[in-house]
Amino acid sequence: MASKLTFDTDWTYAPAPEGTANVKLEKRYGLFINGRFTEPKSGKYFRTISPSTEKKLADVADAGPDDVDRAVKAARRAYDTVWSKMKPSERGKYIFRIARIVQERSREFAVIESMDGGKPIRESRDVDVPLAAAHFFYYAGWADKLDYAFPGKSPRALGVAGQVIPWNFPLLMAAWKIAPALATGNTVVLKPAETTPLTALKLAEVIAEADLPPGVVNIVTGAGETGAALVNHPGINKIAFTGSTAVGKKIQSDLAGTGKKFTLELGGKAANIVFEDAPIDQAVEGIINAIFFNQGHVCCAGSRLLVQESIATSLVQKLKDRMETLIVGDPLDKNTDVGAINSRMQLKKIEYYLKLGREEGADMYQPACTLPEKGFWCRPTLFDHASQSHRIVQEEIFGPVLTIQTFRTAEEAIEKANNTPFGLSGGVWTDKGAKIFEMTSRLRAGVIWANTFNKFDPGSPFGGYKESGLGREGGMHGLLPYLSLN
Ligand code: NAP
Ligand code: MG
């Protein structure tokens, strides 16, 4: 008789923490204006902490309106006197240099990103930092080829770009913003998010090391008021904002009638649609990656699963089994799948939606993992039997929370997928190429993945429909918002 194979399901991984010895953080960071760190005129500083330990990492300057004004003036001076006069191929060399230094210091960047923001080191190491370097490389290549990007036009820089970014991909968002601005000949004032300023400040060190002329890139840290001061500064020609739909709407109304060009990359509520003919085990991995990747702190996260009714029971069971094996904990451990929630405030918001989902009548499921005592944590969560009118289906939660609905026909899947105020991204899982093309042409979303999810490339444009934003970043499309073509 063949012996029966048995598995000990109670095994665990030994801890594999990434070292922090090569990370050098200052106790206190000033504002990066005109090529060097300076004290804030406001005299104020705030703390940035690690969300996994709640320990302070550094004090960071809180830029007031006078500081923002200094930064914008430095950017204008650099634009007028140096950057707008430089040969495009020379500009490109500086951007290539930034890309190379980010690559050389990638480990340090990855560790700091995980410490300051709470995301697993595997993601900051394999996704955030390499993609940030790739964006600088990609746009460096465009610097002297703008005439080919827009044949028959005369592309010209706009001047000073004001850029405001969120906390979910701090270094990557800084790269998305700074690289195309510099390649098109603009100068920059960037404001990172209050809870994750450290990699942007490290990037300031890289920019100084790359010998970029003073004032071409300025980095002013602070909270929402600093962002508002930047958006409303009259010396800015273009605003690039990534963040929530609520703040995006406020910025759009602030900018009305000012003549400033702007792009808004806002929230999302992506549908991940799985047909009965899909490769189910691959789809399970894809669904897990789409929503639990980076704790669901992803604007394009696949937060709504739409599964064909015939396979719903088995798929949901497979998802639950897979969720039991997810490792939640120390972001610096290389085995960790799900790290810390970025801030206490964000954790409270997610917990509000967990309570709401139960009240709305969906069936909540969480794996039995133990959570660390200190820090901000949320178990990966799914809500089965959610319905289209539930607020957990309609509103962006921005956490590791998946809602599940079923459908019978492709028509019904499209109807449900499109029926939210957002339209940033989506996913389709099926064996049939024709079905993929049919679905992608009818889904109202800026980015749609087929039989995969959350894959990015600097050459491909990114942006939303409806309340997910205006304009595109990435690829050749990402040059246009920084140029005048007349
Ligand atoms: P948020 O609250 O809108 O903040 C985004 C940035 O704007 C932060 O730097 C913030 O400062 C600043 N800010 C706040 N109020 C402002 C104002 N009145 N004027 C100017 N700036 C202001 O968003 P978040 O919570 O940080 O980020 C999560 C959101 O970003 C989600 O909705 C997500 O979907 C979206 N997101 C979208 C994309 C995309 O490409 N579509 C990518 C990533 C994230 P402080 O936070 O420092 O106070
Ligand atoms: Mg922090």
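Treat the numbers as computed from the prediction; the structure is a model and nothing was measured.

K.L.:
What should I look at first to understand the side chain of Ser50 in this one?
P.N.:
With respect to the helices, strands and loops of the structure, Ser50 is situated in the loop between β4 (45–49) and β5 (56–61). Assessed through its relative accessible area of 5%, Ser50 is described here as buried. Within polar-contact distance, the side chain of Ser50 engages the side chain of Ser52 at 3.1 Å. A polar contact of 3.2 Å, which involves the side chain of Ser50, links it to the side chain of Thr53. Ignoring sequence-local partners within four residues, the contact set of Ser50 consists of Lys55, Leu57 and Met115.

K.L.:
Which parts of the structure should I look at to understand the coordination of the magnesium ion (ligand 2)?
P.N.:
In ideal tetrahedral geometry, four donors around a metal make angles of 109.5 degrees, whereas ideal octahedral geometry with six donors gives angles of 90 or 180 degrees. The coordination sphere of the magnesium ion (ligand 2) contains the protein donors Thr48 (OG1), Ile49 (O), Asp116 (O), Asp116 (OD) and Thr195 (O), at a distance range of 2.2 to 2.7 Å. Along the chain, the residues donating to the magnesium ion (ligand 2) fall in the pattern T-I-x66-D-x78-T. With Thr48 in strand β4 and Asp116 in helix α3 (residues 106–117), the pair connects residues that are 68 residues apart, well separated along the chain. By the burial criterion, Thr48 is buried, and Asp116 matches it.

K.L.:
Can you walk me through the packing of α3 against helix α4 (residues 121–142) in this structure?
P.N.:
Think of two packed helices as two axes; the pair is described by the angle between the axes and how far apart they sit. Following both chains from N to C, one finds α3 and α4 inclined at 125°, their axes separated by 8 Å at the closest point. When the axis of α3 is compared with that of α4, the two are oblique. α4 is crossed by α3, and the crossing has right-handed handedness. Side by side, α3 and α4 meet where Ser106, Phe109, Ala110, Val111, Glu113 and Ser114 of the first sit next to Ile121, Ser124, Arg125, Asp128 and Val129 of the second. Here the residues of the contact of α3 with α4 sort into five nonpolar, three polar and three charged.

K.L.:
Would you explain the domain arrangement of the protein in this entry?
P.N.:
One frequently used descriptor of interface size is the decrease in accessible area upon assembly of the parts. Assigned domains of the protein: these are domain 1 (28–266 + 468–484) and domain 2 (271–458). Here the C-alpha centroids of domain 1 and domain 2 sit 30 Å apart. Contacts between the two partners involve 32 residues from domain 1, matched on the other side by 32 residues from domain 2. Here domain 1 and domain 2 share an interface that buries about 2,700 Å² over both sides, 59% of which is from carbon and sulfur atoms. The largest per-residue losses of area from domain 1 upon contact with domain 2 belong to Glu54, Trp167 and Ser468, which jointly make up 21% of the total buried on that side. The partner of Glu54 in a salt bridge is Arg344, and the shortest N-O contact between them spans 3.1 Å. Inspection of the region where domain 1 meets domain 2 yields 14 residue pairs in polar contact (both at pLDDT 80 or more).

K.L.:
Is there a simple way to explain the pattern of salt bridges in this structure?
P.N.:
Two side chains bearing opposite charge may form a pair once their charged atoms approach each other closely. Applying the stated criterion to the full structure yields 31 salt bridges. One salt bridge connects Lys355 with Glu359, and the closest N-O pair in it is separated by 3.1 Å. Here Glu359 and Lys355 lie together in helix α12 (residues 344–360), a separation of four residues that amounts to about one turn. Overall, the relative accessible area of 56% leaves Glu359 in the exposed class.

K.L.:
Got a minute to help me understand the site of ligand 1 in this structure?
P.N.:
Around ligand 1 lies a shell of 29 residues, among which Ile165, Glu194, Ser244, Leu266 and Glu396 are the nearest. Note that an oxygen atom of ligand 1 is positioned 3.2 Å from one of the backbone N or O atoms of Gly243. With respect to ligand 1, the side chain of Ser244 contributes an N or O atom lying 2.6 Å from an oxygen atom. For ligand 1, whose accessible area on its own is 900 Å², the fraction buried by protein is 88%.

K.L.:
Explain the packing of aromatic side chains here, please?
P.N.:
The relative placement of two aromatic rings is captured by the distance of their centres and the angle of their planes. Under the definition given, this model contains 14 aromatic pairs. One residue, Arg28, lies across the ring of Tyr45, its end atom 4.1 Å from the ring centre. Here the guanidinium or amino end of Lys320 rests over the ring plane of Tyr365, the centre of that ring lying 5.1 Å away.

K.L.:
What exactly am I supposed to notice about helix α8 (residues 224–231) here?
P.N.:
Think of an α-helix as turning once every 3.6 residues; residues three or four places apart then point the same way. Thr226, Gly227, Leu230 and Val231 are the residues of α8 that are buried. Viewed along the axis of α8, the buried residues span an arc of 135°, placing them on a single side of the element. Residues Gly224 and Glu225 are exposed on α8 and point more than 90 degrees away from its buried face. The inward-facing, buried residues of α8 contact α1 (65–83), β7 (160–164), β8 (187–191), β10 (238–242) and α9 (245–255).

K.L.:
Honestly, the environment of Ala200 in this entry has me stumped. Any pointers?
P.N.:
Mapping Ala200 onto the fold places it in helix α7 (residues 198–209). Along the sequence, Ala200 and Leu190 sit 10 residues apart, while their C-alpha atoms lie 8.8 Å from each other. Not counting residues within four places of it along the chain, the set of residues in contact with Ala200 comprises Leu190, Pro192 and Ile219.

K.L.:
Help me understand unusual backbone geometry in this model?
P.N.:
Negative phi characterises most residues that are not glycine, and trans characterises most peptide bonds. In this structure, Phe398 takes a positive phi of about 60° despite not being glycine. Following the sequence through the fold, Phe398 ends up in the loop between α13 (391–394) and β16 (401–407). Positive phi, normally seen in glycine, also occurs at Lys466, with a value near 45°. Of the residues examined, Lys466 reaches a relative accessible area of 34% and is grouped as partly exposed.

K.L.:
Teacher, can you tell me more about the state of the cysteines here?
P.N.:
Here is the idea: a disulfide is a covalent bond, and it sits between the sulfur atoms of two cysteines. A full pass over the atoms with the stated rule returns zero disulfides. Free of any disulfide, Cys300 has its nearest neighbouring cysteine sulfur in Cys299, separated by 4.4 Å.

Cut-offs applied
- Residues numbered from 1 in each chain as written.
- Chains lettered and ligands numbered in written order.
- Predicted model: local features only at pLDDT ≥ 70, side-chain atom pairs only at ≥ 80, totals over all residues.
- Heavy atoms only, no water.
- Helix = DSSP H or I, 4+ residues; strand = E, 2+ residues; numbered from the N terminus.
- Buried < 20%, exposed > 50% of the residue type's maximum accessible area, 1.4 Å probe, protein only.
- Polar contact = N/O pair within 3.5 Å; in protein donor to acceptor, adjacent residues only side chain to side chain.
- Contact = heavy atoms within 4.5 Å.
- Donors = N, O, S within 2.8 Å, 3.2 Å for Na, K, Ca; no water.
- Axes fitted to C-alpha atoms, helices over the stretch in contact; angles between N-to-C directions.
- Parallel < 35°, antiparallel > 145°, perpendicular 65-115°, else oblique.
- Left-handed = near helix turned anticlockwise from the far one by under 90°.
- Nonpolar A, V, L, I, M, F, W, Y, C, P; charged D, E, K, R; others polar.
- Domains from an automatic or database assignment.
- Buried area = accessible area lost by both parts, 1.4 Å probe.
- Salt bridge = Lys/Arg side-chain N within 4 Å of Asp/Glu carboxyl O.
- Near = heavy atom within 4 Å.
- Areas by Shrake-Rupley, 256 points an atom, 1.4 Å probe, with all protein chains shown as cover.
- Phe/Tyr/Trp six-rings, centres within 6.5 Å; stacked < 30°, edge-to-face > 60°.
- Lys NZ or Arg CZ within 6 Å of the ring centre and 35° of its normal.
- Arc of directions from axis to C-beta.
- Disulfide = S-S within 2.5 Å.

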